[in-house]
Structures are given as structure tokens and as C-alpha cells.
Amino acid sequence: MKKTIISILAIILCSLSIQAKTVKNEFSQIINDSGIQNDSIAISVRDLKSGNVVYSLNDNIMMNPASILKALTMTAAAQTLGEDFKFSTELYSRGEDAYVLKLSADPYLKYSDLKSLAKSVKKTTQNIYIDDSVLDTKFWGEGWQWDDDMNPLMQRFGAYNLDKNLIKLQIVPSENGGYASIINPSKYPLVFMNTITTSNKTSLDVHRDTSISANTLVLNGTVARQTVVNVPSDNIKRYFEIQLTRALGENNVYLKNPFVTQRKSINDVLETSIERDLTAALKDILKNSNNMAAETVFKVAGGKYIQGTGTDTAGIKMFNDFCEKQNLDSSSIKITDGSGVSKNNLLTADFVSKFFFVNKDSFVMEYLPKPGEGTLVQRLLSIKENLRAKTGTLSNISAIAGYMTTKNGHEYAFCIMQNDVKLSSAEKKTLEDYIIREIYLKL
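How each quantity is defined
Residues numbered from 1 in each chain as written. Predicted model: local features only at pLDDT ≥ 70, side-chain atom pairs only at ≥ 80, totals over all residues. Heavy atoms only, no water. Helix = DSSP H or I, 4+ residues; strand = E, 2+ residues; numbered from the N terminus. Buried < 20%, exposed > 50% of the residue type's maximum accessible area, 1.4 Å probe, protein only. Contact = heavy atoms within 4.5 Å. Areas by Shrake-Rupley, 256 points an atom, 1.4 Å probe, with all protein chains shown as cover. Pairing = 2+ DSSP bridges. Salt bridge = Lys/Arg side-chain N within 4 Å of Asp/Glu carboxyl O. Expected span 1.5 Å × (residues − 1). Axes fitted to C-alpha atoms, helices over the stretch in contact; angles between N-to-C directions. Parallel < 35°, antiparallel > 145°, perpendicular 65-115°, else oblique. Left-handed = near helix turned anticlockwise from the far one by under 90°. Nonpolar A, V, L, I, M, F, W, Y, C, P; charged D, E, K, R; others polar. Phe/Tyr/Trp six-rings, centres within 6.5 Å; stacked < 30°, edge-to-face > 60°. Lys NZ or Arg CZ within 6 Å of the ring centre and 35° of its normal.

## Description of the overall build of the chain
Working step 1: Counting its secondary structure elements, the chain contains 9 helices and 17 strands.
Working step 2: Its C-alpha atoms put the chain at 95 × 60 × 35 Å along the principal axes.
Working step 3: Every one of the 443 residues in the chain was classed for burial, and the buried ones make up 51%.
Working step 4: Relative to all contacts within the chain whose residues are 6 or more apart in sequence, the contacts with residues 24 or more apart total 68%.
Working step 5: Carbon together with sulfur atoms contributes 50% to the accessible area of the chain, which is approximately 20,300 Å² in total.

Structure below.
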């Protein structure tokens, strides 16, 4: 009987070995046919029950992960902050004629929120102090590209987050062939060099002319109907203070003194606050890949971890210590921001799949999008109920990592990263989708 069992096990193991070899050969053929350089792609597929790697390719080569990094940094940040954490922008009274506005760096704070806070300010107020100690004054991440300054998806961020740190300009057409008008409802001071004309199609180009000043915008092209253009603020603190002044003015509060930066004291009395749940930010970050929100959460969590002001250094320390507690060796990787925007981030596919395996029960991973949602809205729809994954895209970089249940019912954590200049972004994503479908069918 014992010999029979051993023989059966040997047959099963031999069958699995042949199957794994066949799958590996098929994946190799797919990759070779794609035209990508073999050392420009890294793959790791890990069994979600045992943790064993069932397929790998270049899984220990360091590659830029782009936005799949968000799934890792947000897991560590949420663990530090707690699932019940709230961004709380608080207004305190200080004596009879002064207030302290304590910022939380809430990435979703809006002008309407400032108006709501302003309703609690007395009309006889002399001073409003702003406590911006939640984050440092570094408004961009290390390794971010200076030529993305006008990219509304990579705007500045910090304690003074407001209106997504975007200035909304309204482009209003006139008669055909005539110049369009530009309306700036925010009242933030901008200089326009406008050559936009009215036409039967809309094609706009907006850029800064820093040779004149940081707030000079050059607007070219044509416009057919009223259009909104989002321009990243070049000075988020100044923008915030202008909007706060507007909100106070609507409440007939006119300060005699300018805003002063000062920390809240123990004797200040809380009057009112605006709160937002961390979970709403996590959903947005993982489904829609919101960079500003990811950077904010990462640095705020770092600040809580060191019990001080949030910085990228504090966030990185938090992340590395989080990994150490989970026996994940982060000494072999490098992260420099929380969003994956930096070209200086370097991970291995093996590390990513292991991180996903170890954190498979984290509530954060529940917010990964399925096909048809967020950044997967038009991808892999045929396996919609079997996949949750975070995507990543930068110039010459494409990546995807997450969880999959195959056709045979097996569950895996996986990571695919491509750092290749040869294939287009669309071609890289097609290759990723093809590999994922093969994993679904063959493993």
C-alpha cells in the first residue's frame, strides 16, 4: 500500500513538473514573439496558498514599478494610520479675536470646505494662524520629471492641498475666427498670453513661460465650445491663502493682518472641522491611481510613524520597517516616493509578488480594481470576476500586479514589469493581458 501511494505521488509530481515546463515554454514563446528584449521584462507568479513561485522570468532584476508601487506603499501607510483614520482640517479659537486653522493635508479639501469653516469665524477677528506642520514644504517627489510641471496628474502636493491643487480656467469661444476669452474664477494671479481662436474643433496647448514668470501661461490653439482647462498651481500655499481670503470675505470677515504660520497650542479651543475617511482616498488611489493623494497619504503616515512632520524620508522609513516586520527584505529594493512617479524607484518582481502574498488579507488589497473599473476599465473584461490588480504606466514603463483565480480554481499573486523603450505603451499592455490570460487558462 505504501509503495502504491509513493508511486502515485511520483506520477503526480512528474505530471506537475511536465506541466510547469510546458507553461514556461509557452510563456517564453509569447515573450519572444512580442519583440521585447528578454531582459526588459520581469515576471513572478506565486501560489497564494503555499507562497511558492510557480513561474518566474528575470524576477530578481531591478526594474521601475511605476504605479504598482501604490499598492505596496498604501498597505504600509494604512497599517500605520489605521483603517478608521480621518483627514481632519480643524478650526480653533484663540482668545476673542484670533483663530488657528490646523491643516491635515486633506487631498480632497475644496473651496466649499473653506467657506464652511469660515462661517464659524467672528467678523471681529484680527488674526488667523495656520498650522501647516503636518507635512514638510517639499512639494514634489524625488526623481519627478521637471517637464511634467503642467501635467494635471502630477501636480504639486503638501499641507496646503486644496481643489486638487489645480486652477480651473474656463475657455469661452466668441464668433468664428475671433479670439476666445479666458475666465479665472479662482482669482489666483496668472498672466495669459492668449492666441486661442474660435473654430469648429477644440485643440488646445497650454504651457508656462518661465522666462517671463512662473505664473505666465501661453495658450494656443482653437476652441469650439466652452472648455475647462486644469492648470497645476505653481504655488499651492499662495493659492490656498487666496482662496481662504475669498471664503472669509464671503462671510464678511476681513483681516487686518496677513496669515501667520504658527502651531496650534494646547489652550486653543476646537470650534469646527472638516473630516474625510482614509478609505475614500485608498479607493481613489488604487482604482484611479491618484498620485497627489498617494503622496499625501504616504507622507502623512510617515509623520505619524515618527510622531512628527511628514516627509518622504519618514514615509520610506515607515515602509522599510513595515517590510522588516513581515520578513520582507527591502534592502534589495529602492523606493523614493509613495506613488511610483519617480524614475528612481526600483523593485524586483519577486519582491512584489511576495509582498502581495504576505499581505493578501490586508483590507487595502480589497480596493484593487477589477477589470471594468478604474485603470482596468477596458482591460481583461473576459476574466472580470477572477482578477484584482494595480496597473502602472510611465514613459517606457508598464507594469501590473495583483491577484488571480485561474480557470482551474488556483489562486496566485503575480507581478509583470516591463522597462522597454522598443514597444509602445499599448503593445506592452497587450503583452501583459496576453500573459495574464495564459496564466488564467494554463496554471
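## Digging into the pairing of strand 4 (residues 98-102)
Working step 1: With 4 of 5 residues buried, strand 4 is to be regarded as a mostly interior element.
Working step 2: Between strand 3 (residues 86-94) and strand 4, which pair antiparallel in sequence order, lie 3 residues; one of them, Gly-95, sits at a positive phi of approximately 75 degrees.
Working step 3: Where strand 4 and strand 5 (residues 127-131) come together, 5 bridges link them in parallel fashion. Following the sheet pairing, Val-100 is matched in strand 5 by Tyr-129.

## Comments concerning unusual backbone geometry
Working step 1: Positive phi, normally seen in glycine, also occurs at Ala-66, with a value near 50 degrees.
Working step 2: Within the element layout of this structure, Ala-66 appears in the loop between strand 2 (53-57) and helix 2 (69-81).
Working step 3: If you check the backbone angles, Asn-165 has positive phi at about 60 degrees while not being a glycine.

## Thoughts on the pattern of salt bridges
Working step 1: Taken as a whole and assessed by the stated rule, the structure comprises 17 salt bridges.
Working step 2: Residues Glu-96 and Lys-122 are paired through a salt bridge, measuring 3.6 Å at the closest nitrogen-oxygen approach. You can see Glu-96 sitting in the loop between strand 3 and strand 4 and its partner Lys-122 sitting in the loop between helix 3 (111-118) and strand 5, a full 26 residues away along the chain.
Working step 3: Relative accessible area serves as the criterion here: at 63%, Glu-96 is assigned to the exposed category.

## Here's the deal with helix 2
Working step 1: In this model helix 2 runs 18 Å from its N-terminal to its C-terminal C-alpha over 13 residues, within 8% of the 18 Å that 1.5 Å per residue would give.
Working step 2: Most of helix 2 sits inside the fold, with 11 of its 13 residues counted as buried.
Working step 3: Within helix 2 the residues assigned to the buried category are Leu-69, Lys-70, Ala-71, Leu-72, Thr-73, Met-74, Thr-75, Ala-76, Ala-77, Ala-78 and Leu-81.
Working step 4: Immediately beyond the C-terminal end of helix 2, within one or two residues, lies Gly-82, with a positive phi of roughly 95 degrees.

## Some words on the packing of helix 3 against helix 4 (residues 236-250)
Working step 1: For the pair helix 3 and helix 4, interaxial distance at closest approach is 8 Å and the crossing angle is 45 degrees. On the basis of their axis angle, the class for helix 3 and helix 4 is oblique. The two elements helix 3 and helix 4 cross, and the hand of that crossing is right-handed. Contacts between helix 3 and helix 4 involve Tyr-111, Leu-114, Lys-115 and Ala-118 on the former and, on the latter, Phe-240, Gln-243, Leu-244, Arg-246, Ala-247, Leu-248 and Glu-250.
Working step 2: Grouping the amino acids of the contact of helix 3 with helix 4 by side-chain chemistry returns 7 nonpolar, 1 polar and 3 charged.

## Things to note about the packing of aromatic side chains
Working step 1: Taken as a whole and judged by the stated rule, the model has 10 aromatic pairs.
Working step 2: Pairing Phe-85 with Phe-87 gives two aromatic rings, centres 5.3 Å apart and planes at 80 degrees, and the pair type is edge-to-face.
Working step 3: Residue Phe-87 is classed as buried on the basis of its relative accessible area of 1%.
Working step 4: Ring centres 5.9 Å apart and planes at 50 degrees place the aromatic pair Tyr-188 and Tyr-239 in the tilted group. Here Tyr-239 lies in helix 4 and Tyr-188 lies in the loop between strand 7 (181-183) and strand 8 (191-194), a separation of 51 residues in the sequence.
Working step 5: Looking at Tyr-239, the relative accessible area reads 5%, which means it is buried.
Working step 6: Grouped by ring-pair contacts, the aromatic residues Phe-319, Phe-322, Phe-351 and Phe-355 constitute a single cluster.
Working step 7: Across from the ring centre of Tyr-92, 4.9 Å away, lies the NZ or CZ of Lys-264, which sits over that ring.

## A look at helix 5 (residues 278-288)
Working step 1: Every buried residue belonging to helix 5 is among Leu-278, Thr-279, Ala-281, Leu-282, Asp-284, Ile-285 and Leu-286, and all of these are buried.
Working step 2: Against helix 2, strand 3, strand 14 (269-277), helix 6 (291-306) and strand 15 (387-394) lie the buried residues of helix 5.
Working step 3: Following helix 5 by one or two positions, Ser-289 adopts a phi angle in the positive range, close to 60 degrees.

## Details of the sheet that holds strand 14
The strands that make up a sheet are held in pairs by hydrogen bonds between backbone atoms, and each pair lies either parallel or antiparallel.
Working step 1: Pairing within the open sheet is mixed, and its 5 strands lie in the order 13-5-4-3-14. Strands with a single pairing partner mark the edges of an open sheet, and in this sheet they are strand 13 (260-261) and strand 14.
Working step 2: Summarising the sheet, strand 3 and strand 4 pair through 5 bridges and their orientation is antiparallel. Looking across to strand 4, one finds that Glu-90 is bridged to Lys-102.
Working step 3: Contacts from helix 5 reach strand 3 and strand 14, with the element oriented near 35 degrees to strand 14.

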